[in-house]
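# Survey of secondary and tertiary structure
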Amino acid sequence: MERFQFNKKHVDEAIHGYRRMVKECPNNDMTDKMLLQAFYRGLTTTNQSYVNQLAMGNIMNKMYQEANEIIDEMEETSSA
């Protein structure tokens, strides 16, 4: 399996911003898909490739719950 190099700090910042948006969701009227798009678009192309590799396909094609679980795993791994 090919390993992708990614900017851990950038991914951590994107996850933090995503979590903040999810927490504020009732106040900003963003759908789950819009929240996921905002997270994904906040990543560099290289980091998008890394996330898609972890998702075993494009994370944007996953159901929100599954995508959120992948992001949870990324967050747990980065804080370990």
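Just so you know, these numbers come straight off a predicted model, no measurement behind them.

## Looking at helix α2 (residues 32-41)
- Of the residues making up α2, those classed as buried are Leu35, Leu36, Phe39 and Tyr40. Along the axis of α2, the buried residues cluster in a sector spanning 135 degrees; they form a single face.

## A look at the confidence of the model for the protein chain
- For the protein chain, per-residue confidence averages 80 on the pLDDT scale, and residues scoring 70 or more make up 81% of the total.
- For the protein chain, per-element mean pLDDT is lowest for helix α1 (residues 8-28), which scores 73, and highest for helix α3 (residues 45-54), which scores 90.
- Residue range residues 1-6 is modelled with pLDDT below 50. Its contacts to residues more than four positions away, or to other chains, number nine contacts.

## Describing the side chain of Gln48
- Relative to the assigned elements, Gln48 resides in helix α3.
- Apart from residues no more than four positions distant in its own chain, Gln48 is found in contact with Tyr40, Arg41 and Leu43.

## Brief notes about the pattern of salt bridges
- Following the criterion strictly, the structure yields one salt bridge and no others.
- With its nearest N and O atoms 3.9 Å apart, the salt bridge here joins Lys62 to Glu66.

## Overview of the side chain of Lys62
- Tracing the backbone through its elements, the reader meets Lys62 in the loop between α3 and α4 (64-79).
- Lys62 gets classed as buried once you look at its relative accessible area, which sits at 19%.
- A distance of 3.0 Å separates a polar side-chain atom of Lys62 from the backbone oxygen of Ala55.
- With residues near it in sequence (within four places) discarded, Lys62 still touches Lys33, Ala55, Met56 and Ala67.

## Re α3
- Burial in α3 covers these residues: Asn47, Gln48, Tyr50, Val51 and Asn52.
- Downstream of α3 by a residue or two, Met56 has a phi angle that is positive, lying close to 55 degrees.

## Some remarks on unusual backbone geometry
- Although it is not a glycine, Met56 adopts a positive phi angle of roughly 55 degrees.
- Position of Met56 among the secondary structure elements: in the loop between α3 and α4.

## A short note on the nonpolar core
- Phe39, Leu43, Ile59, Ile71 and Met74 are the most contacted members of the largest nonpolar core, which has 20 residues in total.
- Listing elements by their share of this core, those giving two or more residues are α1, α2, α3 and α4.

## Focus: the environment of Asp72
- By the element assignment, Asp72 lies in helix α4.
- In sequence terms Asp72 and Arg19 are 53 residues apart; their C-alpha atoms lie 9.8 Å from each other.

Calculation criteria
Every chain is numbered on its own, with residues counted from 1 as its sequence reads. Since the coordinates come from a predicted model, pLDDT governs what is reported: local features require at least 70, and pairs of side-chain atoms require 80 or more to be given and counted, while whole-chain, interface and lining totals use all residues. Think of the side-chain values as coming from all heavy atoms in the structure, minus any hydrogens and water. Per-residue accessibility, obtained with a 1.4 Å probe over protein chains only, is compared with the maximum for each type, and a residue is labelled buried under 20%, exposed over 50%, and partly exposed between these values. A run of H or I in DSSP becomes a helix once it reaches four residues, and a run of E becomes a strand once it reaches two; helices and strands are each numbered from the N terminus. The arc in question is the one spanned by the directions pointing from the helix axis to the C-beta atoms. Scored from 0 to 100, pLDDT reflects the predictor's confidence in each residue. By the convention used here, residues are in contact when the closest approach between their heavy atoms is within 4.5 Å. When a carboxyl oxygen of Asp or Glu lies within 4 Å of a side-chain nitrogen of Lys or Arg, that pair is called a salt bridge. Polar contacts, as counted here, are pairs of nitrogen or oxygen atoms within 3.5 Å of one another; within protein the pair requires one atom able to donate a hydrogen and one able to accept it, and residues that are adjacent in sequence qualify only if both atoms are side-chain atoms. Buried Ala, Val, Leu, Ile, Met, Phe, Trp, Tyr and Cys residues form a nonpolar core when they are joined through side-chain atoms within 4.5 Å.

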